[in-house]
Amino acid sequence: MGLFDVFKKGLQKTRDFVSDGFNRIAANMGVFDEDMLDELEMLLVQADIGAKSAVLLMDRIRGHIKKTGDASRSTVLRVLSEGMLEILGEPGRLDFQKGKLNIILLVGVNGTGKTTTAGKLCSRYGQQGFKTIMGAADTFRAAAIDQLKIWGDRTNTPIISHDEGSDPAAVVFDAIKAAQARKADLLILDTAGRLHNKQNLMAELGKIRRIIEREAPEAKVESLLVIDATTGQNAVVQAQVFSEVAQVSGLIITKMDGNAKGGVAIAVSQETHTPLFLAGLGEGVEDLIDFDPESFVRSLLPEE
Ligand SMILES: Nc1nc2c(ncn2[C@@H]2O[C@H](COP(=O)(O)OP(=O)(O)OP(=O)(O)O)[C@@H](O)[C@H]2O)c(=O)[nH]1
Ligand SMILES: [Mg+2]
């Protein structure tokens, strides 16, 4: 399956909502009038594209109609699609080279999909021939360590872990030493879910980062914030606040298959300007793909 088909399938709920809505609005007449444009704006807001993005997109459409006098369904669709692509910007790509150490630090609030994504990443990079190790830096609950071990078994990835309640930074230290000794290409660090306003937990992330910088200055490090699309505008707020305090280098948006709020990817891009690297489209090990703006927008909107 190509990226477009994967997105189309994974985004089915959002696609149904946006495409059906668009077709319903455009059904009566072949051209858009002012009422229909208002309805379209409502639809975009309801799909969690974000109020700001909805206004930007509608200004673009209204401006185009004013300039050209063309308010046909196909033109509105095209201008909408171009506007969405402009907000999403160039696709962000994770770029790791084998033969040196790369580190992925997964951060985010509770339950967004960090541990699941760690497992999916092991599978993805394992298939590309990367020698991968995981570090269980979520020491908050024993169950969290066990959950990561299950992903380790499933993907044949060794795990470095300490006991529940131990210092996550110490796990990171050991995991780096193990990765260096075994000449691993990739170290994936799972961390505990945390709220951005919990000072001690945010300080813990700072400590983890300092350990990485001190112990693996040669490594390429990506701090990836995992956000959950089903939480809609909350995901946008998390992306904004974490980006400010946790040196986030990119975003992973999970559960895009979960409900009709997949449009939140547009809101997040518009509000944070942080690259959106990957999309989670299911609970399976293969359900993680590069976030491709073109495929995403095509799968959101109806066919011309
Ligand atoms: N449908 C769907 N479910 C997902 C996806 N990613 C993760 N999940 C589910 O979301 C739930 C939480 O996932 P976890 O990976 O445990 O989340 P976490 O961020 O590690 O959670 P904490 O460690 O408690 O902070 C699990 O039931 C996962 O199966 C996805 O892309 N799609
Ligand atoms: Mg977890």
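What counts and what doesn't
Residues numbered from 1 in each chain as written. Chains lettered and ligands numbered in written order. Predicted model: local features only at pLDDT ≥ 70, side-chain atom pairs only at ≥ 80, totals over all residues. Heavy atoms only, no water. Buried < 20%, exposed > 50% of the residue type's maximum accessible area, 1.4 Å probe, protein only. Helix = DSSP H or I, 4+ residues; strand = E, 2+ residues; numbered from the N terminus. Pairing = 2+ DSSP bridges. Contact = heavy atoms within 4.5 Å. Axes fitted to C-alpha atoms, helices over the stretch in contact; angles between N-to-C directions. 1 Å grid on protein atoms, 1.4 Å probe; cavity = no way out; pocket = protein on both sides within 12 Å on 5 of 7 lines; lining within 4 Å. Points joined across faces, edges and corners; volume = space filled by probe spheres on them. Nonpolar A, V, L, I, M, F, W, Y, C, P; charged D, E, K, R; others polar. Near = heavy atom within 4 Å. Polar contact = N/O pair within 3.5 Å; in protein donor to acceptor, adjacent residues only side chain to side chain. Areas by Shrake-Rupley, 256 points an atom, 1.4 Å probe, with all protein chains shown as cover. Phe/Tyr/Trp six-rings, centres within 6.5 Å; stacked < 30°, edge-to-face > 60°. Lys NZ or Arg CZ within 6 Å of the ring centre and 35° of its normal. Core = buried A, V, L, I, M, F, W, Y, C linked by side-chain atoms within 4.5 Å.

S.K.: Sorry if this is basic, but what is going on with unusual backbone geometry here?
M.R.: Keep in mind that most residues, glycine aside, have a negative phi and that most peptide bonds are trans. Positive phi is not limited to glycine here, since Lys-183 has a value of about 50 degrees. A relative accessible area of 66% places Lys-183 in the exposed class. A positive phi angle is found at Lys-255, which is not glycine, with a value near 55 degrees. In this structure, Lys-255 sits in the loop between β6 (250-254) and α11 (264-272).

S.K.: Looking at this model, I keep getting lost on the sheet that holds strand β8 (residues 288-290). Mind explaining?
M.R.: Backbone-to-backbone hydrogen bonds pair the strands of a sheet. The strands run either parallel or antiparallel. What the 8 strands build is an open sheet, ordered β3-β2-β4-β1-β5-β6-β7-β8; its pairing is mixed. The open sheet has two free edges, formed respectively by β3 (159-160) and β8, since each of these has just one partner strand. The pairing of strand β7 (residues 276-280) with β8 spans 3 bridges and is classified as antiparallel. When the sheet's bridge partners are listed, Gly-280 is paired in β8 with Leu-288. Sheet strands in contact with helix α8 (residues 168-181) are β1 (102-107), β2 (132-137), β3 and β4 (186-191), and its direction is about 165 degrees off that of β2.

S.K.: I'm lost on the layout of surface pockets in this one. Help?
M.R.: Each pocket or cavity is described by its volume, and for the largest pocket that value is around 490 Å³. Lining the largest pocket are 31 residues, with Gly-111, Thr-112, Gly-113, Lys-114 and Thr-115 sitting closest to its centre. When residues of the lining of the largest pocket are assigned to their parent elements, the largest contribution, 5 residues, is made by helix α6 (residues 114-127). Here the residues of the lining of the largest pocket are counted per class, giving 7 nonpolar, 14 polar and 10 charged.

S.K.: Is there a simple way to explain the site of ligand 1 in this structure?
M.R.: Taken together, 20 residues are adjacent to ligand 1, and Lys-114, Thr-115, Thr-116, Asp-257 and Glu-283 come closest. A distance of 3.0 Å is found between an oxygen atom of ligand 1 and a backbone nitrogen or oxygen belonging to Gly-111. At a separation of 2.8 Å, an oxygen atom of ligand 1 approaches a polar side-chain atom of Thr-115. Isolated, ligand 1 exposes 660 Å² of accessible area, and the fraction of that covered by the protein chains is 80%.

S.K.: Just to check I follow, could you spell out the environment of Gln-233 for this structure?
M.R.: Examined against the element boundaries, Gln-233 turns out to sit in helix α10 (residues 233-245). We classify Gln-233 as partly exposed; its relative accessible area is 33%. Apart from the residues within four sequence positions on either side, Gln-233 is in contact with Asp-48, Gly-50, Val-264 and Ala-267.

S.K.: Sorry if this is basic, but what is going on with the packing of aromatic side chains here?
M.R.: The description of two aromatic rings rests on the distance between their centres and on the angle between their planes. Tallied over the full model, the rule gives 6 aromatic pairs. Ring plane angle 90 degrees and centroid distance 5.9 Å describe the contact between Phe-7 and Phe-291, whose orientation is recorded as edge-to-face. Pair noted here: Phe-7 is in helix α1 (residues 3-10) and Phe-291 is in the loop between β8 and α12 (293-300), with a separation of 284 residues, a long-range link. No difference in accessibility class separates Phe-7 from Phe-291, as the two residues are buried. Between Phe-7 and Phe-296, the ring centres sit 6.3 Å apart and the planes meet at 75 degrees, which makes this aromatic pair edge-to-face. On the criterion of sequence distance, the pair formed by Phe-7 in helix α1 and Phe-296 in helix α12 is long-range, its members being 289 residues apart. We note Arg-154 situated over the ring of Trp-151; from NZ or CZ to the ring centre the distance is 4.3 Å.

S.K.: How do you make sense of the nonpolar core when you look at a structure like this?
M.R.: A general trend in soluble globular proteins is that nonpolar side chains are found buried together. Residues Phe-32, Met-84, Met-256 and Phe-296 are the most contacted members of the largest nonpolar core, which totals 77 residues. In terms of residue count, helix α5 (residues 73-88) provides more of this core than any other element does, 7 residues in total. Sequence-distant contacts of Met-84, defined by excluding residues within four places in its chain, comprise Leu-44, Ile-49, Leu-57, Ile-266, Val-297, Leu-300 and Leu-301.

S.K.: Hey, could you run me through α12 in this one?
M.R.: The periodicity of an α-helix, 3.6 residues per turn, causes residues three or four positions apart to be oriented the same way. Within α12, 6 of the 8 residues are buried, which leaves it mostly tucked inside the rest of the structure. Considered for burial, the residues of α12 that qualify are Pro-293, Ser-295, Phe-296, Val-297, Ser-299 and Leu-300. On its buried side, α12 packs onto α1, α2 (12-27), α5 and α11.

Limitation: the analysis is restricted to geometry and does not speak to function.
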